[in-house]
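Structural characterization, general
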Amino acid sequence: MEQNGQFQIQKVQGPLELCDRLREIGLVEGESIQVTVFSHLVQVSVGNTSFALRKSEFSCLQLQKTVSNQVPNKVIGAQ
Amino acid sequence: MKMRTWCLLGAPNSGKTTLYNWLTDSNFRAVNYPGSTVEYCEGRLSEKRIPKASAQSKDEFIVLDTPGTYSLFPKSQDEEVTLQVLLGKKTASPPMGLILVIDGTQLERQLLLLRQLQDFGFYIIVALTMKDLLRRVGVSLSPYRLSQKLGVRVVEVDGTTGEGIDALVEQMFICSTQLDSLCESRELQAQNAERSRRLLEDSNPWTPERVHKERKKIAEILHSVDFDSNSLKSLLVKTKKMDKWVLSENWGLPIFFLVMAAFFSSIFWLAQPFMDLVDFGFSFVSQEVLHFNENSLLNQFLSQAIVQSMGSVFVFVPQIFILFFGLSALESSGYLARAAALVDKPFARLGMSGRSFVPTLSGFACAVPAIMSTRNIPTFRDRLITTMMIPLFTCSARLPVYSLLLLFLFQGSALKQGLLLAALYIGSLLLGLVAAAVLNRFLPKEKNSFFLMELPIYRRPKLKVSLNQAVLRTKSYIKRAGPVIFVFGILVWIGTTFPNWQLEDQTERLHQSYLAQLGRNLEPIFRPLGVDWRVGVGLMSAFAAREVFVSSLAVLFRIGESPDNQDGLLNAMREATFSDGTPVFSVASEVALILFFMIALQCISTFSVNRRELGSWKWATMQLILFNVVAYMVAAFAYRIIA
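Note that this is a predicted model, so its numbers are computed, not measured.

Regarding unusual backbone geometry
All names here are of chain B. The residue after Phe498, namely Pro499, is reached through a cis peptide bond having omega 10°. Tracing the chain through its elements places Pro499 in the loop between α20 (463-497) and α21 (506-511). Phi at Met130 takes a positive value of approximately 60°, unusual for a residue other than glycine. Within the secondary structure, Met130 sits in the loop between β5 (124-129) and α4 (131-136). Not every positive phi belongs to a glycine, and Asp226 is a case in point at roughly 60°.

In structure tokens:
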């Protein structure tokens with residue numbers, strides 16, 4: 001289940017090549033990201049840039065919510 | 001004389017091509033879309049950039065531009081090209097040094113590539129781009145301090161004004177002198193060999209732990225030079241606001257269709273006044289040449305073979321200019337990356353990804369660069385499907401053909417012509433998608449491809465840049481199509497004039513000509529499409545270049561007509577009949593011709609680029625035969641149904 005908000009990446013896990021690429025673009029463990037979920041894709045903002053990811057790619061990021069006005073401390077993504 | 005090669009590399013959309021243009025005085029297309037460069041290119045350092053102190057030197061400086069890459073471990077074909085250039089596998093020898101182009105607003109992420117390059121022992125100068133954006137948000141960066149911390153030379157450059165380019169060249173000269181002695185040493189050769197071995201190893205030595213450690217170091221370095229990345233976040237505010245609309249489920253697709261419809265329909269209505277002007281100019285010249293001496297063979301040759309045939313195609317240049325102008329404006333706006341993200345889901349159902357969108361859109365200008373741009377699609381299967389569907393899109397060469405046929409069908413109604421042209425563009429897109437769906441069904445499945453698209457910040461397209469790009473690409477179109485039209489104009493005229501060129505009745509002369517004899521023998525092949533031998537000759541000549549169809553018709557149908565204006569050809573087409581008196585051009589035959597041109601693969605350049613990009617004759621030959629056979633059958637079927 002995906003939701004909008006500010007998250008911290010806890011773990012990057014999935015196919016090796018994809019994980020390598022995610023890390024290369026800055027989506028690494030410990031990084032803070034802003035997530036905006038659309039019906040067909042997820043926009044992930046890291047630092048001062050953003051990426052469009054498929055939900056399947058996004059699920060490689062195991063996240064911890066850092067700023068929340070909905071459900072606190074919910075881990076989303078691959079579980 | 002020494003040859004010194006410097007290679008530009010960096011992350012996608014970091015400004016490499018802009019820098020390359022400044023350094024080599026070139027005019028390559030630099031766009032606001034990650035992954036626009038898919039092949040390396042080589043240029044000589046512009047003479048005006050050579051520092052005064054080195055002006056006497058006869059040494060040659062070569063600059064290489066490479067496709068963008070996030071790391072030294074390629075994940076797509078274009079990134080593979082970059083690695084091969086770095087290792088000297090594409091050029092005579094490895095580059096002497098590298099100019100790592102880093103987007104100044106993305107330092108935290110893009111410095112990782114610098115750390116990798118340093119790890120593999122490359123000689124590097126860092127060029128920091130996007131100075132204008134840094135200035136806009138009030139971020140100042142000391143290249144000197146950064147240079148000290150990173151252990152490489154750092155130069156700040158401004159891609160829009162060219163500020164800092166001379167300083168960069170100066171650094172290249174200083175480094176080259178220092179590296180000269182090293183280049184000849186055996187030590188360097190051994191170092192290059194070791195580097196190749198390490199980089200071509202199967203395992204990636206940059207483990208997640210290593211990446212994590214290096215990113216920490218980068219953050220420390222940036223902190224120590226007082227680089228405040230938080231103030232850069234304001235750059236994203238406007239972009240994020242716009243993305244909420246542009247990427248949203250409710251508004252994203254309507255906005256996408258609106259942008260595309262406005263773009264494609266403007267090609268017709270915006271160009272009309274300019275087309276009338278060009279038409280008037282060519283008709284005037286043709287008329288004047290013929291009136292000078294109507295019985296002179298030379299005057300007939302000049303008027304009919306040269307002026308009329310060229311004019312019949314160049315009248316469509318304004319449309320082609322508008323097509324390229326619109327494409328350029330879209331490319332520089334940053335919208336294309338969003339459009340690619342939007343269409344990813346429907347494309348994924350057809351076995352492709354959003355990465356196929358930009359090659360698809362480029363296919364509406366020309367299939368050749370579009371097929372080349374499929375290189376940034378990571379998997380062969382996705383690339384194959386995209387490559388197979390691109391030739392079905394309405395490229396600029398089809399535009400003159402469609403315009404003529406639509407003018408015939410809806411003379412006097414620009415609105416109907418415009419709407420039908422837009423429908424033809426959409427139709428060709430649907431046709432391509434059907435082809436993709438068929439291929440997706442029958443091709444063996446591969447591993448899942450991933451889609452990950454960087455969304456650059458929105459930029460207002462610069463009128464001057466877009467105009468400049470449109471002029472360059474239109475010129476290149478004219479250069480490519482012009483000679484073919486010229487040669488075929490002459491050939492068709494000779495074929496329709498001889499052997500009985502002395503006959504005064506030009507219609508009789510045409511009917512006794514060599515081409516008429518050949519055409520009549522081949523007429524049974526074209527008759528199922530509802531057309532006569534003259535259109536058949538036009539269709540055959542279109543295999544040289546699609547536009548030649550129009551110029552061939554101009555010569556074949558206007559013989560004996562007064563070349564007063566473009567209506568002359570349309571009237572001649574309207575009056576053309578078979579021997580039994582039935583018209584050659586009817587709604588049924590026009591539809592059949594349009595369908596034939598929509599599907600047929602008549603472009604030899606497309607065939608050869610397909611063969612090269614897919615690495616085998618099999619797919620290219622199959623595409624050539626299949627598309628043309630299907631085009632013929634569909635056109636014949638449509639004619640039979642409608643007639």
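The structure having been displayed, the exposition proceeds.
Observations regarding the packing of aromatic side chains
Residues and elements named next belong to chain B. Scanning the entire structure with this criterion turns up 16 aromatic pairs over all chains. Seen from their ring centres, Phe596 and Phe597 are 6.1 Å apart, and the 90° between their planes marks the pair as edge-to-face. Each of the two residues, Phe596 as well as Phe597, counts as buried. A connected cluster of aromatic rings, assembled from ring pairs, spans Phe256, Phe257 and Phe357. In this structure, Arg527 is placed above the aromatic ring of Phe578, and the distance from its NZ or CZ to the ring centre is 3.9 Å. Cation over ring: Arg611 sits above Trp617, and NZ or CZ is 4.8 Å from the ring centre.

Points about the confidence of the model for chain A
Of the residues in chain A, 81% reach a pLDDT of 70 or more, and the chain-wide mean stands at 81. For residues 69-79 of chain A, every residue scores under 50 in pLDDT, and the model assigns this stretch 28 contacts once sequence neighbours within four places are set aside.

A look at the interface of chain A and chain B
In many reports, interface size means the accessible area that the parts give up when they come together. In this assembly, 29 residues from chain A lie in contact with 39 residues from chain B. Between chain A and chain B lies a buried interface of about 3200 Å² when both sides are counted; carbon and sulfur atoms form 55% of it. For the pair chain A and chain B, the number of links is 4 salt bridges. At the boundary of chain A with chain B, the tally comes to 15 residue pairs in polar contact (both at pLDDT 80 or more). Elements supplying a minimum of two residues to the side of chain A that touches chain B: α1 (16-24), β3 (42-46) and β4 (49-53) of chain A. Examining the composition of the side of chain A that touches chain B, we find that 7 residues originate from one element, α1(A), more than from any other. Its residues assigned to classes, the side of chain A that touches chain B comprises 10 nonpolar, 10 polar and 9 charged. With 4 bridges joining them, β4(A) and strand β7 (residues 452-455) of chain B adopt antiparallel strand pairing. Bridged to Phe51(A) within β7(B) is Glu454(B).

Topic: a nonpolar patch on the surface
Residue and element names in this part refer to chain B. A surface patch of nonpolar side chains, amounting to about 420 Å² of accessible area, comprises Val587, Phe637, Ile641 and Ile642. The dominant element in the nonpolar patch, judged by the number of residues it contributes, is helix α28 (residues 617-642), at 3 residues. Here Phe637 lies in helix α28. The exposed category is assigned to Phe637, whose relative accessible area is 55%.

Structural notes on the side chain of Arg355(B)
Considering the arrangement of structural elements, one finds Arg355(B) in the loop between α14 (335-349) and α15 (357-362). A polar contact of 3.1 Å, which involves the side chain of Arg355(B), links it to the backbone oxygen of Leu452(B).

Examining the sheet that holds β5(B)
Residues and elements named next belong to chain B. If you walk across this open sheet you meet the 6 strands as β2-β3-β1-β4-β5-β6, and the pairing is mixed. Every other strand in the sheet has two partners, leaving β2 (41-44) and β6 (153-156) as the edge strands with one partner each. Strand-to-strand, the axes of this sheet are offset by a mean angle of 25°, without reference to chain direction. Here β2 pairs with strand β3 (residues 60-65) via 4 bridges, running antiparallel. Note on β3: the bridge partner recorded for Glu42 is Leu64. This element, helix α5 (residues 143-150), spans β5 and β6 of the sheet and lies at about 155° to β6.

Some remarks on the pattern of salt bridges
As a working rule, side chains carrying opposite charge can pair if their charged atoms are close by. For the coordinates displayed, the defined rule picks out 21 salt bridges over all chains. Arg23(A) is the salt-bridge partner of Glu29(A), the closest N and O atoms lying 3.1 Å from each other. For Glu29(A), a relative accessible area of 21% puts it in the partly exposed group. The partner of Arg135(B) in a salt bridge is Glu163(B), and the shortest N-O contact between them spans 3.6 Å. Here Glu163(B) lies in the loop between β6 and α6 (165-183) and Arg135(B) lies in helix α4, a separation of 28 residues in the sequence. Given a relative accessible area of 47%, Arg135(B) falls into the partly exposed group. One continuous salt-bridge network, built from bridges that share partners, spans Arg21(A), Glu24(A), Lys75(B) and Glu79(B).

Examining the packing of helix α11 (residues 272-292) of chain B against helix α12 (residues 297-314) of chain B
Residue and element names in this part refer to chain B. Axis separation between α11 and α12 bottoms out at 9 Å; the angle between their running directions is 175°. Judged on the interaxial angle alone, α12 and α11 are roughly antiparallel. Taken together, the residues of α12 that come into contact with α11 (itself represented by Val278, Phe282, Val285, Ser286, Val289, Leu290 and Phe292) are Asn299, Gln300, Leu302, Ser303, Val307, Gln308, Met310, Gly311 and Phe314. Of the residues belonging to the contact of α11 with α12, the class tally is 10 nonpolar, 6 polar and no charged.

The rules we used
Residues numbered from 1 in each chain as written. Chains lettered and ligands numbered in written order. Predicted model: local features only at pLDDT ≥ 70, side-chain atom pairs only at ≥ 80, totals over all residues. Heavy atoms only, no water. Helix = DSSP H or I, 4+ residues; strand = E, 2+ residues; numbered from the N terminus. Phe/Tyr/Trp six-rings, centres within 6.5 Å; stacked < 30°, edge-to-face > 60°. Buried < 20%, exposed > 50% of the residue type's maximum accessible area, 1.4 Å probe, protein only. Lys NZ or Arg CZ within 6 Å of the ring centre and 35° of its normal. pLDDT = per-residue confidence, 0-100. Contact = heavy atoms within 4.5 Å. Buried area = accessible area lost by both parts, 1.4 Å probe. Salt bridge = Lys/Arg side-chain N within 4 Å of Asp/Glu carboxyl O. Polar contact = N/O pair within 3.5 Å; in protein donor to acceptor, adjacent residues only side chain to side chain. Nonpolar A, V, L, I, M, F, W, Y, C, P; charged D, E, K, R; others polar. Pairing = 2+ DSSP bridges. Patch = residues over 30% accessible without salt bridge, like charges linked within 9 Å, V, L, I, M, F, W, Y side chains within 5 Å. Areas by Shrake-Rupley, 256 points an atom, 1.4 Å probe, with all protein chains shown as cover. Axes fitted to C-alpha atoms, helices over the stretch in contact; angles between N-to-C directions. Parallel < 35°, antiparallel > 145°, perpendicular 65-115°, else oblique.

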